[in-house]
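# Examining the three-dimensional arrangement
Residues per chain, in single letters:
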Amino acid sequence: MQAKGRFAPSPTGPLHLGSLVTALASWLDARANGRQWLVRVEDLDPPREEPGAADLILQQLSAHGLHWDAWEDRESRMGVLFQSSRHDAYLAALETLIAAGRVYPCTCSRKRLQYAVGSGKTTHNPDGEIIYPGYCRPQQPERMTQPRAEVFFRQEDREGCSWRFRNDNGDDFLLRRADGFWAYHLAVVVDDGFQGITHILRGDDLLHAAPRHQALREALGLPQPYVQHVPVVKNDQGEKLSKQTKAPPLRIDSAEVIQLQLDFAWSYLEFHMPPSWLARVEGCWARLRQQPIKPVAPTC
Ligand code: GLU
Ligand code: ZN
């Protein structure tokens with residue numbers, strides 16, 4: 001099987017310098033090692049998404065010479081898999097986990113969880129997420145047949161509950177929210193498995209997610225890819241570059257600026273990645289650096 005890496009942006013806004021660092025790192029990691037490189041748009045949370053962001057992200061990647069291998073299937077667009085088309089796959093995975101007794105419905109409101117923090121029953125994890133105090137966790141995991149799991153899901157889901165993974169270490173995290181949206185953890189694991197991703201290189205803001213994904217893959221019988229993290233780029237206030245911290249979008253209207261952006265991303269990697277990794281990807285970077293850049297004129 002062909003080894004594959006991927007870049008999986010959420011279309012909450014255009015890419016900025018921080019996302020370019022992660023994209024370049026995962027592209028170099030794949031290309032320098034003869035792997036395919038896929039792009040997957042993680043459009044799971046429509047209220048947080050920005051119209052047109054997915055198309056702009058793909059344009060930004062192309063303008064920086066970060067071309068992807070086409071993912072061809074019924075639902076893909078521009079050779080890219082969109083998570084919004086994967087509802088059935090996530091549902092099937094959830095039902096499998098229900099049947100195996102690895103998921104339970106949770107009716108806790110945000111207020112209830114906040115109250116649990118206030119009364120000292122739990123606390124936040126380093127990402128600011130409330131560690132689930134286990135209120136809805138059944139004493140014993142209940143296994144069921146797959147058809148029963150489907151009926152159980154439909155019944156409980158009508159109540160508008162969320163669904164939590166029963167993690168062996170007690171870190172029970174959400175797989176589906178009460179509003180019906182799929183959680184990142186389930187979608188990412190199902191799709192990395194579906195697309196045969198063997199190597200993941202992403203920002204270290206997702207470091208905490210690695211053991212969760214590992215446990216979820218184990219429960220779903222999916223292979224474990226290699227996972228590596230790049231330190232995320234921070235601004236002068238020590239905040240991660242993001243839409244919330246007002247990071248400016250990458251520009252694609254000038255070859256000179258595109259080159260500068262790429263050079264910034266590479267120097268950042270030079271300071272933050274291990275020398276052995278850099279030695280492996282250097283040649284590939286030199287080739288990318290020599291490619292002619294085609295700026296894209298703004299469309300309005
Ligand atoms: N969609 C996630 C993000 O934009 C990245 C997912 C991943 O690389 O696992 O933060
Ligand atoms: Zn609960």
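To keep things clear, this report deals only with the structure shown in the data block. (Residues numbered from 1 in each chain as written. Chains lettered and ligands numbered in written order. Predicted model: local features only at pLDDT ≥ 70, side-chain atom pairs only at ≥ 80, totals over all residues. Heavy atoms only, no water.)

## Some remarks on helix α9 (residues 275–290)
So the rule is basically this: Only DSSP runs of H or I reaching four residues or more are called helices, and only runs of E reaching two or more are called strands; each is numbered from the N terminus. The length a helix should cover is 1.5 Å for every residue beyond the first. Think of it this way: the bend at a residue is just the angle between two axes, each fitted to seven residues, one set ending at that residue and the other starting at it. Per-residue accessibility, obtained with a 1.4 Å probe over protein chains only, is compared with the maximum for each type, and a residue is labelled buried under 20%, exposed over 50%, and partly exposed between these values. Contacts are residue-level and defined by heavy atoms, with any inter-residue pair within 4.5 Å sufficient.
With 16 residues, α9 should reach 22 Å at 1.5 Å per residue; the first-to-last C-alpha distance of 22 Å fits that figure. At V281, α9 shows its strongest bend, of approximately 45 degrees. Along α9, the residues classified as buried are W277, L278, V281, C284, W285 and L288. Structurally, α9 contributes buried residues whose contacts are with α1 (17–31), β7 (199–203), β8 (226–230) and α8 (255–272).

## Observations regarding the coordination of the zinc ion (ligand 2)
Just so we agree on the cut-off: Metal sites are built from N, O and S donor atoms within 2.8 Å, or 3.2 Å for Na, K and Ca, and they leave out water, so they may look incomplete. Sites are called tetrahedral only when four donors show all angles between 85 and 135 degrees, square planar or octahedral only when four or six donors show opposite pairs over 155 degrees and all other angles between 65 and 115, and irregular in any remaining case.
Protein coordination at the zinc ion (ligand 2): the donors are C106 (SG), C108 (SG), Y132 (OH) and C136 (SG), at 2.0 to 2.3 Å from the metal. Relative to the metal, the four donor atoms surrounding the zinc ion (ligand 2) lie at angles of 98 to 123 degrees, and the coordination shape comes out tetrahedral. Sequence spacing of the donors to the zinc ion (ligand 2): C-x1-C-x23-Y-x3-C. Taken together, the positions of C106 in strand β4 (residues 103–106) and C136 in the loop between α4 (110–118) and α5 (146–158) put the pair 30 residues apart, joining distant regions of the chain. Each of the two residues, C106 as well as C136, counts as buried.

## Notes on the sheet that holds strand β6 (residues 174–176)
Just so we agree on the cut-off: Strands are treated as partners if at least two bridges between them are detected by DSSP. For helices, the fitted axis covers only the stretch in contact; all axes are lines through C-alpha atoms, and the angles between them, taken along N-to-C directions, range from 0 to 180 degrees.
Here three strands make up an open sheet; going across it, the order is β4-β5-β6 and the pairing antiparallel. For this open sheet the edge positions go to β4 and β6, each flanked by a neighbour on one side alone. Here the strands of the sheet are splayed against their neighbours by 40 degrees on average, with no regard to which way each runs. Examined bridge by bridge, strand β5 (residues 162–165) and β6 share two bridges and lie antiparallel to one another. Paired with R164 across the strands is L174, a residue of β6. Where α5 meets the sheet, its contacts fall on β4, β5 and β6, and the angle it forms with β5 comes to roughly 125 degrees.

## A few points about the site of ligand 1
We apply this condition: The cutoff for a nearby residue is simple: one of its non-hydrogen atoms must lie within 4 Å of the molecule or strand. Any pair of nitrogen or oxygen atoms within 3.5 Å is treated as a polar contact; in protein, a donor-acceptor pairing is required on top of that, and neighbouring residues in sequence qualify only through side-chain atoms on both sides. Computed with a 1.4 Å probe, the accessible areas rest on the Shrake-Rupley method; for each residue, only the protein chains presented here act as cover. Residues are grouped as follows: nonpolar covers Ala, Val, Leu, Ile, Met, Phe, Trp, Tyr, Cys and Pro; charged covers Asp, Glu, Lys and Arg; every other residue, Gly included, is treated as polar.
Neighbouring ligand 1 are the residues R6, A8, S10, E42, Y184, V188, R202 and L206. With respect to ligand 1, the side chain of S10 contributes an N or O atom lying 2.9 Å from a nitrogen atom. One of the side-chain N or O atoms of E42 is found 2.6 Å from a nitrogen atom in ligand 1. Relative to its unbound accessible surface of 300 Å², ligand 1 loses 79% to contact with the protein. Within the shell around ligand 1, the residues separate by chemical class into four nonpolar, one polar and three charged.

## Examining the pattern of salt bridges
The criterion, for reference: Definition used for salt bridges: Asp or Glu carboxyl oxygen within 4 Å of a side-chain nitrogen of Lys or Arg.
In the structure shown here, the tally under the stated rule is 22 salt bridges. Here R102 and D168 are joined by a salt bridge, their closest N and O atoms 3.7 Å apart. Within this pair, whereas R102 is found in the loop between α3 (87–99) and β4, its partner D168 is found in the loop between β5 and β6, the two being separated by 66 residues in sequence. A relative accessible area of 18% means that R102 is categorised as buried. For D157, the salt bridge is made with R176, and the minimal N-O distance between the two is 2.9 Å. On the criterion of sequence distance, the pair formed by D157 in helix α5 and R176 in strand β6 is long-range, its members being 19 residues apart. D157 gets classed as partly exposed once you look at its relative accessible area, which sits at 21%. Through salt bridges with shared partners, a single ionic network connects R6, R40, E42 and D192.

## With respect to the nonpolar core
Stated precisely, the cut-off is as follows: Residues grouped as a nonpolar core are buried Ala, Val, Leu, Ile, Met, Phe, Trp, Tyr and Cys residues, joined through side-chain atoms within 4.5 Å.
Grouped together as the largest cluster of nonpolar side chains are 43 residues, with contacts concentrated most on L24, L28, W37, L61, L66, L269 and W277. Elements supplying a minimum of two residues to this core: α1, β2 (36–41), α2 (53–63), α8 and α9. Here this core gets eight residues from one element, more than from any other, and that element is α1. For L24, the contacting residues outside a window of four places in its chain are L66, L262, A265, W266, L269, W285 and L288.

## Topic: the side chain of R202
Put simply, the rule reads: The charge count includes Lys and Arg as positive and Asp and Glu as negative, but it does not include His or the ends of the chains.
Tracing the backbone through its elements, the reader meets R202 in strand β7. Buried within the structure, R202 lacks any salt-bridge partner; its nearest side chain of opposite charge belongs to D192, at an N-O separation of 5.4 Å. There is a polar contact of 3.3 Å between the side chain of R202 and the side chain of Y184. Residues within four places of R202 in sequence aside, it is in contact with R6, T22, Y184, A209, A210, H213, V227, Q228, H229 and V230.

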